[in-house]
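Take a look at the letters that make up each chain.
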Amino acid sequence: MYLCKLKIFIVTGSDEPKRTFRAAFPPEDCEVENVYVKELDENALPQLDCAVISDGDIDVLKKAKTAKRVLLAEVSELKNMSAEDLRSADDIFAMPDGERYNSTILAAHFRRLINTLKNESDARKAKVYFETAIDSIPDLVWFKDSVGSHLIVNDSFCKLVEKTKEQIYKRGHYYIWDIPKEEYEKGEYVCLESEDEVVEARATCIFDEKIKTKGGMRQFKTYKSPLIDLDGSIFGTCGVAHDVTDLHNMNNEMDIILECMPYAVIVNDNTDVIVNVNSEFNKMFGVDENVAGMTYKEWVGKYIIDHAKKIPDKEEFYFQDGEEAKTISYSRQEITDIFGETIGTMTIFRDITIERLNEQRTIKNANTDFLTKLNNRRSLFAYLDKEKRSSRFVFICVDLDNFKQVNDVYGHHMGDEALLKVTRVMKECFPSDFIARLGGDEFLIVINRESAIEQITEQVRVFQEKLKAEYAKFKEFSELTTSIGIAVEKLADCGKYDFDKILRQSDRALYKAKNGGKDQYCVY
């Protein structure tokens, strides 16, 4: 099996369980990292494989949505817990009263937990490589239950019947193949009802079957096998069907190959005259005529040149199809005969619009704070590097006063709301400037435009007043104010900035504002 790496947080104030847990050797192909903490950070929960709560808050356990949640407690403690608290745990290490960290019992519990996590990881991976394997097979693959309902099929099966896996799940033959029940019962042009024969033989059987599809009659060589449980009972069948329909000539074979490809394809001979295209090609470029006989250059001039823009340094171009804009990649490959002589070219076009959008989204997410949608620290340094030739920079470091009190008294959801409000007011007061969330309740505004320091400090003052007025509307935020540190730096004679130094200066000014009574700004 693939290597399984587990990260288990153990929330306890005691050192007693450490030796016991270290002695619990993981199974083969499994690595376990035990992290001992006195308190579980809620923000870390989605990154964990498992959290064992011994001396922790049961409410933290309830919030662990993606981690396996384990409660370690003595029997008397468990008896005093509510049913809801007990249900919040995926597993319980029940320990004798007075022996919370009994090494023998605790080691047994922990070994069982690790084995369970390893088995769950193996099961997930097994499902992935099973589904990946059958979807990589060009033949039709299916699994049925004992009454003939389809449970699992591969992509090739779905493509042939023009239905999704969800539509096929637990459905019978005549629904999947769109055959009227009356015709199905006659048995003409459908798969033979051969499951009984397979079950009786208790072995793989081979059949020649004709299937009536939307695209016409197809001939398949079908291999069907029984699915036999550990107790010897048969709980279903599986099948693999290989299409052996006669291909009358090479052109038909080429047409079928091209039509099976999910990309737009154009084939030219060695004089660059188009000899074949597939339907995906016509669909992608809005071709409404038979282009066979045109040269490649003529086709480009008629359908492409007025609607496309080449992307520099890439085999890609933007294509405007009416109101829809696509990003299309292309590659040309020579077609050679058995003697190595070039007899034509094949050009494949692929719509990568969604891929590029996903790439852009990924880049944006990597540079954006999840909660506020502001720039993050990574984005900050990329921005500074890009603008490093500016003649002057002003760093405005903003920190919320008494923010921890809001989280402690009203909960993290209200803390998040406070952060969203300061984000909105910052955007209103500094609409053209770079704003980043550095972490927690600390923000940085970067100004590299020409403005007098008096104008900037006035902007800061207006921002503080607006934010204070906004927070005053809510009793939960009535104690919130801002402390702000401002640092100004001009381009040095060496033509370089020390951005870390400017950041430290704004940070020092911030703490001077805090130490001076908060709710104010200071200039370094």
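Source: prediction; values computed, not measured.

Criteria and thresholds
- Residues numbered from 1 in each chain as written.
- Predicted model: local features only at pLDDT ≥ 70, side-chain atom pairs only at ≥ 80, totals over all residues.
- Heavy atoms only, no water.
- Helix = DSSP H or I, 4+ residues; strand = E, 2+ residues; numbered from the N terminus.
- Rg over C-alpha atoms; globule rule 2.2 N^0.38 Å.
- Buried < 20%, exposed > 50% of the residue type's maximum accessible area, 1.4 Å probe, protein only.
- Contact = heavy atoms within 4.5 Å.
- Areas by Shrake-Rupley, 256 points an atom, 1.4 Å probe, with all protein chains shown as cover.
- Lys, Arg positive; Asp, Glu negative; His and termini not counted.
- Charge placed at Lys NZ, Arg CZ, Asp CG, Glu CD.
- Pairing = 2+ DSSP bridges.
- Axes fitted to C-alpha atoms, helices over the stretch in contact; angles between N-to-C directions.
- Arc of directions from axis to C-beta.
- Expected span 1.5 Å × (residues − 1).
- Polar contact = N/O pair within 3.5 Å; in protein donor to acceptor, adjacent residues only side chain to side chain.
- Nonpolar A, V, L, I, M, F, W, Y, C, P; charged D, E, K, R; others polar.
- pLDDT = per-residue confidence, 0-100.

1. Section: the overall build of the chain
Assigned secondary structure in the chain consists of 19 helices and 21 strands. Radius of gyration (C-alpha) of the chain: 33 Å, far over the 24 Å computed for a compact globule of 524 residues. Sorting the 524 residues of the chain into buried and exposed places 41% on the buried side. Sequence-distant contacts in the chain: of pairs separated by 6 or more residues, those separated by 24 or more amount to 51%. Surface accessibility of the chain: about 30,200 Å² in total, with carbon and sulfur atoms responsible for 51%. Seen as two clouds, the 73 positive and the 93 negative side-chain charges of the chain have centres 6 Å apart.

2. A look at unusual backbone geometry
The backbone of Glu-162 shows a phi angle near 60 degrees, a positive value even though the residue is not glycine. Mapped onto the fold, Glu-162 is located in the loop between helix 6 (155-161) and helix 7 (165-168). Overall, Glu-162 belongs to the exposed group, its relative accessible area being 53%. Phi at Asp-313 is positive, roughly 65 degrees, even though this residue is not glycine. Locating Asp-313 in the fold gives a position in the loop between strand 13 (308-310) and strand 14 (316-321). Residue Asp-313 is classed as exposed on the basis of its relative accessible area of 82%.

3. Quick notes on the sheet that holds strand 16 (residues 342-351)
Spatially, the six strands line up as an open sheet ordered 12-11-16-15-14-13, and their pairing is antiparallel. Strand pairing shows two members of the sheet lacking a second neighbour, strand 12 (274-277) and strand 13, which therefore form its edges. The sheet shows a mean angle of 25 degrees between the axes of neighbouring strands, direction not considered. In terms of strand pairing, strand 15 (residues 324-336) meets strand 16 through nine bridges, oriented antiparallel. Bridge pairing in strand 16 places Ile-335 opposite Gly-344. Packing of helix 14 (residues 353-366) onto the sheet brings it into contact with strand 14, strand 15 and strand 16, and relative to strand 15 it is tilted by some 120 degrees.

4. A short note on helix 13 (residues 296-304)
For helix 13, the complete set of buried residues consists of Tyr-296, Trp-299, Tyr-303 and Ile-304. Summarising the axial view, the buried residues of helix 13 lie within an arc of 75 degrees, below the 170-degree limit, and thus occupy one face.

5. Some details on the environment of Ile-343
By secondary structure assignment, the location of Ile-343 is in strand 16. Beyond its immediate sequence surroundings of up to four residues, Ile-343 is in contact with Asn-268, Asp-269, Asn-270, Ile-335, Thr-336 and Asp-337.

6. Some details on the sheet that holds strand 18 (residues 434-439)
Pairing between the strands of a sheet comes from backbone hydrogen bonds, and it takes one of two forms, parallel or antiparallel. Sheet architecture is open: five strands sit in the order 18-19-17-20-21, paired in mixed fashion. Edge positions in the sheet fall to strand 18 and strand 21 (520-523), since each of these pairs with one other strand and no more. Averaged over all pairs of adjacent strands, the angle between their axes in this sheet comes to 20 degrees, without regard to strand direction. Strand direction decides the pairing type here: strand 17 (residues 392-401) and strand 19 (residues 442-447), joined by six bridges, are antiparallel. By the bridge assignment, Val-398 is partnered in strand 19 with Phe-443. On the sheet, helix 19 (residues 499-515) packs against strand 17, strand 18, strand 19, strand 20 (481-490) and strand 21 and is oriented at approximately 145 degrees with respect to strand 20.

7. Observations regarding helix 5 (residues 103-135)
An ideal rise of 1.5 Å per residue puts 48 Å on 33 residues; helix 5 measures up with 48 Å between its terminal C-alpha atoms. What helix 5 keeps buried is the set Leu-106, Ala-107, His-109, Phe-110, Leu-113, Ile-114, Leu-117, Lys-118, Ser-121, Asp-122 and Ile-134. In this structure Asn-102 caps helix 5, since a side-chain oxygen of it lies 3.1 Å from the backbone nitrogen of Thr-104.

8. Let's talk about the side chain of Glu-470
One can find Glu-470 in helix 18 (residues 453-471). With relative accessibility at 11%, the residue Glu-470 sits in the buried group. Not counting residues within four places of it along the chain, the set of residues in contact with Glu-470 comprises Lys-421 and Arg-424.

9. Here's the deal with the packing of helix 16 (residues 403-410) against helix 17 (residues 412-429)
It is the contact of helix 16 with helix 17, at a shortest axis distance of 6 Å, that shows an interaxial angle of 145 degrees. Across the interface between the two elements, Phe-403, Val-406, Asn-407 and Tyr-410 of helix 16 pack against His-412, His-413, Met-414, Gly-415, Ala-418 and Leu-419 of helix 17. A per-class count over the contact of helix 16 with helix 17 returns six nonpolar, four polar and no charged.

10. Quick word on the confidence of the model for the chain
For the chain, the mean per-residue pLDDT works out to 85, and 91% of the residues sit at or above 70. Within the chain, the lowest mean pLDDT, 62, falls on helix 9 (residues 181-186), and the highest, 95, falls on strand 19.

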